[in-house]
Every structure is written in C-alpha cells, then in structure tokens.
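What follows is the residue order along each chain.
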Amino acid sequence: MSTKDLVPSPVGPVDVEQAEAALVERYPRLVRIAYLVLPPSLGRNRRVLTAHALVQRALPRRRVAGPSVPEPRLAEDAVDPGYAYVRSEVLRQALVAGLPLRRLALPSRAQFPPLLPHVWGLRLFPRVGGADELALDQRLSRLSGPARAAYVLRGLERQGDAEVLRVLAAAGVADPASALAEADALDDAPELPGEGADGAQPPAGGGAGPEGRDTEQAGPGRSGAGGARGDRPGPDASGRTELPGHGEPGRRRSGAALLESDEFDPCALQARPTDLLRRRQHARAGIVAVAALLVCGALLGLPGDGWGRNGAAAPSYARNPAAEAALDPGALKRVDPAVWPASTRQDFSVWPARGALTGDRALLRRALAVWARPGASVRSSATPGTPVGPPMGPPQLLFAGEVDGARVVILHDGLRAVRYAEPVGGTAGAALDFARTDGADAVGSAALVLSRAAGNVRYLTAPWVRETSVRDLLAPGEDARPLGRDAGGVTEPMTSPALAKACTRWNTLQVRDGSGLRMLADLGELAPARLLWGPPAAPADATGPEAREAWARTACQLSAVRAHGVRSVNAWRFARQPLPEGAGSGTWLCTRAETWRGTGSRVLAQFLVPSPSVPAALAARSEGSPACGVRDPRVLAGVLWQAPGGGWYVLAAGSPDFTALQTSGGVKGRSDGPLLAVKAAAGARADLDGTLADGSRVRALR
C-alpha cells in the first residue's frame, strides 16, 4: 500500500495545555516508546536519559492548527489528539537521534547527549528481564529505526497497519511500507540460540546483554540461574513458560506482549556507580584544567593593551619595594602653593600641583604605570639624550587635568619632565613624552607644553609668571597679543610653528616674570626653548627692537633645530661688512642652539643682505662645535655673493679676534682684518681660513 493512498488522520487543533495533560497522564508509556525506538547502540544509560529528554521536549510551543474540516475518524485513530501529537513528536525525535552524524550536515539537538535530565556519578538502566526479553532486545537491535517504530506502534500501541503507516509518515519516515515489512519479518525470523524450547539458557544472573547489559545477582523474586522473575511461573520441562493472561499454558509470550515487561520500562530504574577509578582520574584532570584556566585568565588580565587598572602599561618586569613606591600614586610629591614665594630657588621643584584631576588616583596610577612600562600601543617620544626608564623614586606631580579632550598628567623627577595623555573615553591611544630639564633655572622652568591639538599649543606656566602674550617673530613691528590663562596657569591655545610646513608665521610665547620679559619658542618638545640675543659671554632675552629685527630674518632657520633637545638659542651679530660696488652693508650672524644634555649643540652662520625683507642666507653649519659659545666665542664663515650689478664675490667675515683672512683653491685672496671680499666667478669654490692675534690659524665653520 502506498502512503499516498492513505486517508490522513483527522487530528484536530491541539492546545499546549491539552498536549501537556496528555504527556503527564501517559508519561511512562511515551518514555517506553522512545526507549524502544532509540538505537540500542547508545547504551542503556544514555537511552534512558535520552528517552526522558525527548518526551519532555515534545510539547508544542503554541497551538497546533488542525484541518479546517476534520475527516471522519477511523476505528484505529487515536482518541486523544493531544496524545497523538505528543507521540508523533517523540517518534520523530527518536528517529532523528538514531541517525549518524555527518561531516557536512548540520546536527540536530536530538543527536547529542541530553542536557536535562542529567545524572552525575550514577548509571541508570531498567531492570533486567528474562531470556525472552533478552532475545527480543537482540532482535530489535538488528532492525532499523523506522522498523522498530513500526513494531512498537503495532505491538505496544495496538495500531492497525494503516494507522501505523500514517503515523510513520507523519514522523518523517521516507518509506513507511518498507519499515512495516521489516517489522513483520521480526516474528518470522528463526529463533536465536537460547530462544527456543531446547535452546541454552542465558548465563546466571541474566547474562551480559548487548551494549553492556548489567548483570544482576539472584535475589528476592528472581532465579539465580535463569533470570526469570520470581513472581511468574518458571519454565516447564520443555523449556516453555506459562504466563498468566497471555495465551495458553506452555506457549511462549509474543514479542508484542514482551514490550510491556519491566525490561523495557525506563521509569522503573536501577542505579549503579560509574567507573570510580576513571571518575577519580577525571576529577584530578578537571582540577588541573580549572587551575590552568585561572592562571591563564590572570595572565590575560595583567596590564597591557588597555586591560587591568594600569591601562596601557606593559606587564611588570620587576617587583621590589623601591620600584613599587615610585609607582604608588599616594606617594607622589605635592608642593603647597605657598612654598614658592618663600623659596630661595625658582624651578620645577617648587611648582605646586595644579589641575582638576590631582585627586584621581586611578588616572595617576595609570600615568605612573605607563611611565615605568609603556606598552606597544603607547606613542612615546623623548628628546635626544633623555633616559626613558621609570623614576628612581616617587616623582613630583605638576599637573593633572582634562585639556582639549584628553586627560593630561605632568610629572617631574628632578631630571625629566614627563607628560602622560590619554583620551577621555579610554586608555587606547595613550601618549608619553619625555624632556630633560635638569639644571633648569627660573626662566628654563617658566613653562611646559601642556597640549597640542589642531596645530595649536597650550602651555602650563610657572606660578611666578605674571603675564603671557603671543609675539610673531616674523613681524617685529607688531605688538605682542595678550594670551589668557586660567587660575591654574593653563594658557589659551595659540598657533604653533612646531609642525608647520611653511614659514609664514612664527609665534612665540612671551612671558613676564619678576625680572623682565622672556621669549620662548615651541620647537616640538615638552620644554620650550629660550630665545636670546647678544655675545656668547653676556646674552640677553631677545625682546628688544634690535633683537626682534634680527630674529625676524633668522626665525625660519629654527626649523633646523626642531626636536633636538634644545634649551636655548642665541643669535649674535659678530660682524658688519661693507659690500662691493657700493651695495650697502651686510650683517653676519652666528646662531647657537644649546641642548639640555650639554652635547650636540648646533651652530649656524648666516649672512643678511641690506634689504630687511630678504631672509638670512645660511653660510655654514656645524654640530658639536664650540664656536659661538662661551668656551670659544670665535667664528669664521664665507659666502659666494652676487652684487646688484651682476658681479660675483667671495665674502668672508670673522669675529673681532681675527687679524687676517685668506682664501685658497678656486679663489685666491687675502686681507688684513676680520673682513674679506674677493672677486670670483659664478659657482666658484674656495677654502677659507683665518689668523688670530697669537698667530694660530683657524678654519672656517663647517
């Protein structure tokens, strides 16, 4: 018979409450059905738990709609629609649970061990039956899942063939007819050894059945030899068993009747312990795994990549009391604002702690931790010659506050000023800047760069600074523009030339303290450089008219000393020279940039033509030379210059200590005194040296 010819089962709409009532009322029978349909290869313990899980998951999530016009019921139709629905769901899931897992197919929930119910430390299985139950279990294990379902529906549920076919089709069986034929062949199969009247009995205690059937010793109500139940008649001389209510005496029970026995009842269970030795080994392995997981979690939670309370700091590399004290935010040095007016010195050591976040211990802890151990995500910079290691002791807190969308902390340890900045929204993208500031005086500690944003710069000024203003070096005739500050000494933003590509404006910070005006230039570092004017032995701040006129033509050359750890830059006019062909007088300047570290000073010799609008021409440059400094206040330089009339000349000048100058090579000439002008050809090259009053010869700056 084809399933296409079957009349559909007239199951009407099913409510969740109706299905639940049917499930609770007939729970033992539904679990028995699931247990019998599940493959014996799962093992008896897992079959029991899976059968209960499948039945408990069989409830519908919402009302199940039936046909709009119910068909007439047949005699074999289930009376209760709720029970029919739940039984169909149990069969469907049990059949799916028996399918093998495939590599590319998505597994179903029923194919995995159930989460609930779950039993720890015990193995559960139904009571062991007799030889007939064992023989039936062996025969059922050789059937396919759909055939077992058909056998159970016909034997346990007393369904006719037509209804069995309909239920199998509803449960998703592809070929219900073949499954029914396979179930029919079960009773017609030849008897197994031990099944017939003359066959051997199973071993004492019930024997070891398929898939690890557990043995059970004889006890009350049991036969120690045959495994037959004590409350049933034993086998007669022919080996047949007379069962009350099942056929005639001496006839064997049918397979359908055996389905009702306790052997296949997953609600009447026995309990045995699991493998105790293996469980002990698994417990030890579990403890080791948990300990390893805790250790790994602790390691992952250590500071680094923004984790932990230390923000972007790298993992700790040293643990000692001195290092821990230096990183303790509670041990930071804080100077009272009333200290500096009465102090005999004015430098960073008397700066008070300022800013709205000086009490934020978490921020200060992160700043100290990143200072000691900057992680890979931290953008760090340091002026040349500045050590970047952790502080040797608790540093001094100068500032902690929010500036331009960032939390900024400035610390000082006597040797360095350190600036830590992080975004307000987190610690990702933290920045750390180091600047050497040892030996700073009142002017050298007058200001520190607090923030750079959008081409602007903010300064944190010393408490003794009374007034701040902005002066453009390229506009010496203009007055300085006032620059506002808040009560904490933080200036308003001003345009910075530190990152400018074109030299169209060079703003400097002009501050007034108790002794006069100072000129400070931002060269891309934490500490601004002081601008001076005058001879090396007695320079002064470049605030006078003559100094501003000279710096207006040489300011663009300051780009040559950016980010070099410059402490001060002094410009000195060491000679004036009349120019050939009556072109006026030229001016020679020597610019020397001193560094905080004491070495690596840079010296520039520049020549200024009479026109005030023409920038200075770079004649020579040197690094590490003592020229133009206190130790050696002498300099000699030369240029190839073209007169307004078109003629070319080699012009040279030295400081007043020179008594004679001489050129050689492509251009030969000599003069007495510190000035020299020799006619030359375009593109000529010459060597220049000079003679001092003591007769020693000095080569030109290079």
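Keep in mind that this is a model prediction, so the values were computed, not measured.

Undergrad: Sorry if this is basic, but what is going on with the layout of surface pockets here?
TA: Any empty space left between atoms is shown by rolling a water-sized probe over those atoms. Its boundaries defined by the atoms lining it, the largest pocket holds a volume of some 610 Å³. In this structure, the largest pocket is lined by 34 residues; those nearest its centre are Arg419, Asp433, Val449, Ser451 and Arg452. Counting only elements with at least two residues in the lining of the largest pocket, the list comes to β3 (379-382), β5 (406-412), β6 (416-423), β7 (431-436) and β8 (447-453). Residues belonging to the lining of the largest pocket are distributed by class as follows: 18 nonpolar, nine polar and seven charged.

Undergrad: So what exactly am I meant to see when it comes to the packing of aromatic side chains here?
TA: The description of an aromatic ring pair uses the distance of the two centres, along with the angle that the planes make with each other. In the structure shown here, the tally under the stated rule is seven aromatic pairs. Seen from their ring centres, Trp371 and Phe434 are 6.5 Å apart, and the 65° between their planes marks the pair as edge-to-face. Of the two residues, Trp371 is situated in helix α12 (residues 361-372) and Phe434 in strand β7; the sequence distance between them amounts to 63 residues. By the burial criterion, Trp371 is buried, and Phe434 matches it.

Undergrad: Is there a simple way to think about the sheet that holds strand β22 (residues 648-654) in this case?
TA: Whether parallel or antiparallel, the strands of a sheet pair through hydrogen bonds between backbone atoms. Sheet architecture is open: three strands sit in the order β21-β22-β25, paired in antiparallel fashion. Two strands bound the open sheet, and with one partner strand each, they are β21 (636-642) and β25 (675-680). Adjacent strand axes in the sheet meet at a mean angle of 20° when their direction is disregarded. Where β22 meets β25, six bridges bridge the pair, whose relative direction is antiparallel. Of the residues in β25, the one forming a bridge with Ala652 is Leu676.

Undergrad: Looking at this structure, how should I read the confidence of the model for the protein chain?
TA: Low pLDDT means the predicted atomic positions in that stretch should not be read closely. Put simply, the protein chain has an average pLDDT of 82, and 82% of its residues get 70 or more. Here residues 1-10 is a poorly scored stretch, pLDDT under 50, and it has 16 contacts once near neighbours within four places are set aside; other chains count. The low-confidence segment residues 192-252 (pLDDT under 50) makes 92 contacts with residues lying over four places distant or belonging to another chain.

Undergrad: What is the right way to read the environment of Pro384 from this model?
TA: Mapped onto the elements of the fold, Pro384 is located in the loop between β3 and β4 (396-403). Pro384 gets classed as partly exposed once you look at its relative accessible area, which sits at 31%. Considering only alpha carbons, one finds Pro384 and Ala563, 179 residues apart in sequence, at a separation of 7.9 Å.

Undergrad: What am I meant to see in the sheet that holds strand β9 (residues 456-461) here?
TA: Ordered by their spatial adjacency, three strands build an open sheet running β8-β9-β12, and the pairing between neighbours is antiparallel. A strand with exactly one partner marks an edge of an open sheet, and here the two such strands are β8 and β12 (494-495). Two elements, β9 and β12, share two bridges in a ladder whose sense is antiparallel. Following the sheet pairing, Asn456 is matched in β12 by Thr495.

Undergrad: Sorry, what's going on with the pattern of salt bridges here?
TA: Note that side chains of opposite charge can pair when their charged atoms are close. A full pass over the atoms with the stated rule returns 27 salt bridges. Here Arg697 makes a salt bridge to Asp689, at a shortest N to O gap of 2.5 Å. For Asp689, a relative accessible area of 16% puts it in the buried group. Residues joined by salt bridges that share partners form a network here, namely Arg29, Arg87, Glu157 and Glu260.

Parameters and conventions
Note on numbering: residues in each chain are counted from 1, in written sequence order. The predicted nature of this model means local features are confined to residues of pLDDT at least 70 and side-chain atom pairs, given and counted, to a pLDDT of 80 or more, with totals for whole chains, interfaces and linings taken over all residues. Working from all heavy atoms in the structure, the side-chain values ignore hydrogens and water. Grid points spaced at 1 Å over the protein atoms alone were grouped into cavities, where a 1.4 Å probe fits but cannot get out, and pockets, open sets with protein on both sides within 12 Å along at least five of seven lines, with lining residues defined by an atom within 4 Å of a point. Grid points are joined across faces, edges and corners, and a volume is the space filled by probe spheres set on the points. For helices the rule is a DSSP run of H or I covering at least 4 residues; for strands it is a run of E covering at least 2, with both sets numbered from the N terminus onward. Under the scheme applied here, ten amino acids are nonpolar (Ala, Val, Leu, Ile, Met, Phe, Trp, Tyr, Cys and Pro), four are charged (Asp, Glu, Lys and Arg), and all others, including Gly, are polar. Aromatic pairs are defined between Phe, Tyr and Trp rings, using the six-membered ring for Trp, whenever the two ring centres lie within 6.5 Å; interplanar angles under 30 degrees are classed as stacked, those over 60 as edge-to-face, and all others as tilted. Burial status follows relative accessibility: with a 1.4 Å probe on protein chains alone, a residue under 20% of its type maximum counts as buried, one over 50% as exposed, and anything between as partly exposed. Here a strand pair is declared whenever DSSP counts at least two bridges between the two strands. Angles shown run from 0 to 180 degrees and are taken between the N-to-C directions of axes, each axis being a line fitted to C-alpha atoms and, for helices, limited to the stretch in contact. Confidence of the prediction at every residue is given by pLDDT, a number between 0 and 100. Contact criterion: two residues are considered in contact whenever any of their non-hydrogen atoms come within 4.5 Å of each other. Here a salt bridge means any side-chain nitrogen of Lys or Arg lying within 4 Å of a carboxyl oxygen belonging to Asp or Glu.

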